[in-house]
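An overview of the molecular structure
Each chain, written out:
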Amino acid sequence: MLCSHRYLKVDRRIEDNEQVYEEYEQLMQMYHDRITTASDVFYLRDILDITFKRMSGMTGFLYLHTTRGVYSFFTNAKPDQLITKYKEIKHQKLT
């Protein structure tokens, strides 16, 4: 594993006529050929770009732009290390 990044999965449900939110911390892990999440595997060859859109403070959305579409991950930590590693690997594969 090259690096990892924490993200939050938010579940919403209705309980006693009230909307209830539950947050679960999950881990995204980057390897030489793929990024894994709790529910999916993204091969680096299928990832076109990784971007981060800050909402407020340190919270924001990490986006994986893939050949299958764009996947968003809510996070409260800066994903700089993940993005940097991704760009290093993509650059090495292009040269």
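In short, a report on the structure. Note that the structure is a prediction, hence the values are computed from the model and not measured.

Moving on, we come to unusual backbone geometry. Positive phi is not limited to glycine here, since aspartate 16 has a value of about 50 degrees. Turning to its location among the elements, aspartate 16 is positioned in the loop between strand 1 (3-15) and strand 2 (18-30). Classification of aspartate 16 by relative accessible area gives exposed; the value is 77%.

Glancing now at the side chain of threonine 37. Position of threonine 37 among the secondary structure elements: in the loop between strand 3 (34-36) and strand 4 (41-43). Once residues lying within four places of it in the same chain are set aside, the contact partners of threonine 37 are Tyr7, Leu27, Met28, Phe42 and Phe73.

Where strand 1 and strand 2 come together, 13 bridges link them in antiparallel fashion. Paired with histidine 5 across the strands is methionine 28, a residue of strand 2. The loop that links strand 1 with its antiparallel partner strand 2 comprises two residues; one of these, aspartate 16, has a positive phi angle of about 50 degrees.

Turning to the packing of aromatic side chains, a few remarks are in order. One pass over the structure, following the stated rule, counts five aromatic pairs. Ring plane angle 65 degrees and centroid distance 4.8 Å describe the contact between phenylalanine 42 and tyrosine 71, whose orientation is recorded as edge-to-face. In this pair, phenylalanine 42 is assigned in strand 4 and tyrosine 71 in strand 7 (residues 69-75), connecting sequence segments 29 residues apart. By relative accessible area, which is 3% here, phenylalanine 42 ends up buried. By relative accessible area, tyrosine 71 is classed as partly exposed at 25%. Members of the aromatic cluster, each reached through a chain of ring pairs, are Tyr7, Phe42, Tyr71 and Phe73. The cationic tip of arginine 45 hangs over the ring face of tyrosine 43; the distance from NZ or CZ to the ring centre is 4.8 Å.

Cut-off values and rules
- Residues numbered from 1 in each chain as written.
- Predicted model: local features only at pLDDT ≥ 70, side-chain atom pairs only at ≥ 80, totals over all residues.
- Heavy atoms only, no water.
- Helix = DSSP H or I, 4+ residues; strand = E, 2+ residues; numbered from the N terminus.
- Buried < 20%, exposed > 50% of the residue type's maximum accessible area, 1.4 Å probe, protein only.
- Contact = heavy atoms within 4.5 Å.
- Pairing = 2+ DSSP bridges.
- Phe/Tyr/Trp six-rings, centres within 6.5 Å; stacked < 30°, edge-to-face > 60°.
- Lys NZ or Arg CZ within 6 Å of the ring centre and 35° of its normal.

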